[in-house]
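Understanding the architecture of this molecule
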Amino acid sequence: MNFYTRKWVKPEDLNAHGTLFGGRLLSWIDEEAAIYAIVQLETNGCVTKYMSEINFINSARQGDIIELGIKATHFGNTSITLTCEVRNKISHKTILTIDKIVFVSVDENGKPVKHGKTEITYTDERLREED
């Protein structure tokens, strides 16, 4: 799993207990997972369909830097399934895991459409110029 995205936990990200608010973290995850799905499916026409159980293992505090790791685990005809891990950049302790996040490719009317992808394409491969 690659950890490309980092977030700095700031005062506005905290809950009443002084730790990272779970809703804020889930928002960051949904956005990062959507970007990952868009890059893999080569369309911005995809939506979050499902998230499995979310397992909060450790918390983060103000000033911590966290890393979000996303990986594709399955390609369906209209969907892509991802897994996610969030960890503390300094301690490397896992903060949260999500085993399954499903995005569906949709048309302009919000109806599922086939995307034609079957395997992970790494961003640098997609950015290379063709000769």
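Below, the structure is looked at part by part. The numbering scheme is per chain: residues are counted from 1 as the chain's sequence reads. It should be noted that, the model being predicted, local features are given only for residues of pLDDT at least 70 and side-chain atom pairs only at 80 or more, the latter also being counted only at that level, while totals for whole chains, interfaces and linings use all residues. No hydrogens and no water enter the side-chain calculation; it runs on all heavy atoms of the structure.

Observations concerning the state of the cysteines
Every disulfide links exactly two cysteines, by a covalent bond between their sulfur atoms. Basically, it comes down to this: Criterion for a disulfide: a pair of cysteine sulfur atoms at a distance within 2.5 Å.
Throughout the structure, instances matching the rule amount to 0 disulfides. The closest cysteine sulfur to the non-disulfide-bonded C84 is located on C46, 16 Å from its own sulfur.

Considering helix 1 (residues 22-41)
Spacing of three or four residues puts side chains on the same side of an α-helix, whose turn is 3.6 residues. Cut-off, in case you're wondering: In DSSP terms, a helix is any run of H or I states spanning at least four residues, a strand is any run of E spanning at least two, and both are numbered starting from the N terminus. Any helix carries an expected span of 1.5 Å times its number of residues minus one. Exposure classes here rest on a 1.4 Å probe applied to the protein chains alone. A residue is buried below 20% of its type maximum, exposed above 50%, and partly exposed in between.
For helix 1, with 20 residues, the first-to-last C-alpha span of 28 Å sits near the 28 Å given by 1.5 Å per residue. Within the span of helix 1, buried status applies to G22, L25, W28, I29, E32, A33, A34, Y36, A37, Q40 and L41. Downstream of helix 1 by a residue or two, E42 has a phi angle that is positive, lying close to 55 degrees.

Considering the side chain of E67
Put simply, the rule is: N or O atoms within 3.5 Å of each other form a polar contact, as long as, within protein, one can give a hydrogen and the other can take it, and as long as residues adjacent in sequence are counted only when both atoms are side-chain atoms. Residues are treated as being in contact if the distance between any of their heavy atoms lies within 4.5 Å.
Positionally, E67 belongs in strand 4 (residues 65-75). A distance of 3.2 Å separates the side chain of E67 from the side chain of R6, its partner in a polar contact. Side-chain polar atoms of E67 contact the side chain of R87, separated by 2.7 Å. With sequence-adjacent residues up to four places away left out, E67 is seen in contact with F3, T5, R6, E85, V86, R87 and K89.

Topic: the pattern of salt bridges
The test is simple: Whenever Lys or Arg places a side-chain nitrogen within 4 Å of a carboxyl oxygen from Asp or Glu, that contact is recorded as a salt bridge.
Taken as a whole and assessed by the stated rule, the structure comprises 5 salt bridges. Of the charged contacts in the structure, one is a salt bridge between K117 and E42, with a shortest N-O distance of 2.5 Å. Within this pair, whereas K117 is found in the loop between strand 6 (94-105) and helix 2 (123-127), its partner E42 is found in the loop between helix 1 and strand 2 (46-51), the two being separated by 75 residues in sequence. On the accessibility criterion, K117 (23% relative accessible area) is partly exposed. We classify E42 as partly exposed; its relative accessible area is 47%. Across the pair R87 and E67 runs a salt bridge whose closest N-O atoms are separated by 2.7 Å. Taken together, the positions of R87 in strand 5 (residues 79-88) and E67 in strand 4 put the pair 20 residues apart, joining distant regions of the chain. If you follow the salt bridges from partner to partner, you end up with R6, E67, R87 and K89 in one network.

Just distances and angles here, no functional claims.
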